[in-house]
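Examining the three-dimensional arrangement
Listed below, chain by chain, are the residues.
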Amino acid sequence: MPAIQTQQNPHYISAIQALQRNDPKTAKQLLAELVRQGDPDVSLLLAYAVACNKLGESEACFDALDNALSLEPGNLTVLLMKGDLLLGQGKKRLANHCYGIAEGVADNTADLPDDLRQAVARVSNIRKTINLEIEKHLFNNLSLSDSPSEQSERFRQSLSLLNGSKTIFPQKPRAYYFPELPLKQFYRTQQFEWAERIEAATDDICRELSQLIESNAQFVPYIRSEEQGPAGHVNPLLDKSDWSAFFLIKDGQVVEENAKRCPRTMQALKDVPIPQIKGRAPMVLFSLLKPGTTIAPHHGFLNTRLICHLPLVVPANCGLRVGNEVHHWQKGKLVAFDDSIEHEAWNKSNQNRVVLIFDIWRPELSKEERVWVTELLEAIDTFD
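Calculation rules
Residue numbers here run from 1 along each chain, matching the order of that chain's written sequence. Note on the predicted model: pLDDT of at least 70 is required for a residue's local features to be given, and 80 or more for side-chain atom pairs to be given and counted; whole-chain, interface and lining totals, by contrast, use all residues. Just so you know, side-chain values use all the structure's heavy atoms and leave hydrogens and water out. Should DSSP find at least two bridges between two strands, the strands are taken to pair. To qualify as a helix, a DSSP run of H or I must reach at least 4 residues; to qualify as a strand, a run of E must reach at least 2; elements of each kind are numbered from the N terminus. Note on geometry: axes are lines fitted to C-alpha atoms, helical ones only across the stretch in contact, with angles between N-to-C directions running from 0 to 180 degrees. Only protein atoms enter the 1 Å grid, on which a cavity is a set of points fitting a 1.4 Å probe that cannot get out and a pocket is an open set with protein on both sides within 12 Å along at least 5 of 7 lines, lining residues being those with an atom within 4 Å of a point. Grid points are joined across faces, edges and corners, and a volume is the space filled by probe spheres set on the points. When residues are grouped by polarity, Ala, Val, Leu, Ile, Met, Phe, Trp, Tyr, Cys and Pro land in nonpolar, Asp, Glu, Lys and Arg in charged, and all others, Gly among them, in polar. The salt bridge definition used is simple: a Lys or Arg side-chain nitrogen within 4 Å of an Asp or Glu carboxyl oxygen. Categorising residues by exposure relies on relative accessible area from a 1.4 Å probe, with only protein chains included: less than 20% of the type maximum marks a residue as buried, more than 50% marks it as exposed, and the intermediate range marks it as partly exposed. Take the number of residues in a helix, subtract one, and multiply by 1.5 Å to get its expected span. Think of the arc as the fan of directions from the helix axis to the C-beta atoms. Residues are treated as being in contact if the distance between any of their heavy atoms lies within 4.5 Å. We define the nonpolar core as a collection of buried residues of types Ala, Val, Leu, Ile, Met, Phe, Trp, Tyr and Cys that are connected through side-chain atoms lying within 4.5 Å of one another. Convention used here: angles under 35 degrees read as roughly parallel, angles over 145 as roughly antiparallel, angles from 65 to 115 as roughly perpendicular, and any remaining angle as oblique. Here a crossing is taken to be left-handed if its near helix is turned anticlockwise relative to the far helix by less than a right angle, and right-handed if that turn runs clockwise.

**Describing the sheet that holds strand β6 (residues 293-298)**
Across a sheet, strands are paired by hydrogen bonds formed along the backbone, either parallel or antiparallel in direction. Taken in spatial order, the four strands make up an open sheet running β6-β11-β8-β9, and their pairing is antiparallel. Strands with a single pairing partner mark the edges of an open sheet, and in this sheet they are β6 and β9 (325-327). Across this sheet, the average inter-strand angle for adjacent strands is 15°, counted without regard to direction. With five bridges connecting them, strand β8 (residues 318-322) and strand β11 (residues 343-347) associate as antiparallel partners. When the sheet's bridge partners are listed, Leu320 is paired in β11 with Ala345.

Here is the structure:
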């Protein structure tokens, strides 16, 4: 029976009125007769499920909801009701599954009514709680060591992906994608034999930064109009000093005047595996983020490099998200991440945040592959 005909049927109208005056027994009798007539639609089955639920007839209620979902698998009202009933029975895992489907439907539905949008927001919060409980339960039943390691952290992330508390963020470089490189958001810097030397130079680098700031050295907007390509998306930080840079090396070219002012910084980078690609790499700079500034989510140009941050001035309430992981800088603690994965940064403090930024080759690339990538990118730039 079509939905319009159902909603205009006198027995259906009487049943809804019975539900409104809290008379589920009468409502069920009226609705059951309509169901027996055959070809019930979702609105009829949903009303029948509500009546059965009020009468405490759980099995019949779920049968009606499942029949409704067989007709409309993406019906949000039915999915939310089923999830709520399962949660009320203490069946959190099944409820979480229903809520997850509902969230997916909502994400792909334009002009969602306010009542359904609010209901989805409600279950999203419930899902967060359930997912944390699931994760805790799983950890309590695993023989994971308390001491962190790359293997255990990787496995822990797999559990977060399993229960839905995290999602997968792929590599999406804007310019060049090198296949079959591992999807790894942050790298453990202990694997880099040069990392300790960089961190040991933190105080010297900080002193050079302080001298630059005291002498009012020119930090330029990181994103500038003259360096933008064809018109398209306009970055809200375009030509603004909210995110600014003091370049020591830019697009593979040493900025001599700036580099001379920071000899210890340049010396600290001497043995780092920095790409040497004419017109492109490396980039070495002090990156300054003013209070209240957010760098919106974006992707880098290549997945053949990692971006490194050496935190120098790091007030509280500053952070960096790469994919599904959030990192809070610590002064002198090197950070390395794949910027071809969606990432963003923020400074919610009332002070400037400054990090030294430089790029390195991804460690998985062989010497030959690094040469080929270099030749490829340089060849691209010679084509007019």
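That shown, we press on.
**Quick notes on empty space enclosed by the protein**
Inspection of the entire model under this criterion finds one cavity of 30 Å³ or more. Space inside the largest cavity adds up to approximately 40 Å³. Along its surface, the largest cavity is lined by Pro275, Ile277, Ala281, Leu302, Thr304, Arg305, Asp359 and Trp361. For the lining of the largest cavity, a count of residues per class yields five nonpolar, one polar and two charged.

**Notes on the layout of surface pockets**
There is about 940 Å³ of room inside the second largest pocket. Taken together, 30 residues line the second largest pocket, and the ones lying closest to its centre are Glu153, Phe186, Tyr187, Arg188 and Glu325. For the lining of the second largest pocket, the secondary-structure elements that each account for two or more residues are α9 (150-163), β1 (186-187), β9 and β10 (335-337). In the lining of the second largest pocket, the residues fall into eleven nonpolar, nine polar and ten charged.

**So, the pattern of salt bridges**
Summed over the entire model, instances satisfying the criterion amount to 19 salt bridges. For the salt bridge of Arg122 with Asp84, the shortest nitrogen-to-oxygen distance reads 3.0 Å. Of this pair, Arg122 sits in helix α8 (residues 114-140) while Asp84 is found in helix α6 (residues 76-88), placing the two residues 38 residues apart along the sequence. When its relative accessible area of 36% is taken as the criterion, Arg122 is described as partly exposed. Among the salt bridges present, the one from Asp251 reaches Lys250, with a minimum N-O distance of 3.3 Å.

**Brief notes about helix α5 (residues 58-71)**
Along an α-helix, residues three or four apart share an orientation, since each turn contains 3.6 residues. For α5, with 14 residues, the first-to-last C-alpha span of 20 Å sits near the 20 Å given by 1.5 Å per residue. Those residues of α5 that sit buried are Cys61, Phe62, Ala64, Leu65, Ala68 and Leu69. Around the axis of α5, the buried residues are gathered within 160° of arc, so they sit on the same side. Turned more than 90 degrees away from the buried face of α5, the exposed residues are Glu59 and Ser70. On its buried face, α5 sits against α4 (42-54) and α6.

**Re the pairing of strand β12 (residues 353-361)**
Here β12 lies mainly inside the structure; nine of its nine residues are buried. Relative to β12, strand β5 (residues 284-289) runs antiparallel, the two being bridged by six bridges. Along β12, the bridge assignment pairs Val284 with Phe358. Across eight bridges, strand β7 (residues 305-313) lies against β12 in antiparallel orientation. What sits directly across from Arg305, in β12, is Trp361.

**So, the nonpolar core**
Of all hydrophobic cores here, the largest spans 40 residues; its most connected members are Leu31, Cys61, Leu65, Leu76, Val78, Leu80 and Met81. Of all the elements in the fold, those that place two or more residues in this core are α2 (10-20), α3 (24-36), α4, α5, α6, α7 (92-107) and α8. Ala195, Ile198, Phe219 and Leu269 belong to the second-largest nonpolar core, a separate cluster that totals 33 residues.

**Focus: unusual backbone geometry**
For residues besides glycine, phi is generally negative; the peptide bonds are generally trans as well. The omega torsion of the bond from Ala281 to Pro282 falls at 10°, within 30 degrees of zero and hence cis. Even without being glycine, Asp111 reaches a positive phi, approximately 55°. If you trace the backbone, Asp111 turns up in the loop between α7 and α8. Asp111 gets classed as exposed once you look at its relative accessible area, which sits at 75%. Backbone geometry at Asp239 places phi at a positive 60°, although glycine is not the residue there. In this structure, Asp239 sits in the loop between β2 (220-221) and β3 (243-250).

**Description of the packing of α4 against α6**
Think of two packed helices as two axes; the pair is described by the angle between the axes and how far apart they sit. Axis separation between α4 and α6 bottoms out at 11 Å; the angle between their running directions is 20°. It follows that α4 is roughly parallel to α6 by the angle criterion. The handedness of the crossing between α4 and α6 comes out as left-handed. Residues Val42, Leu46, Ala49, Val50 and Asn53 of α4 pack against Thr77, Val78, Met81 and Leu85 of α6. Taken together, the residues of the contact of α4 with α6 break down into seven nonpolar, two polar and no charged.

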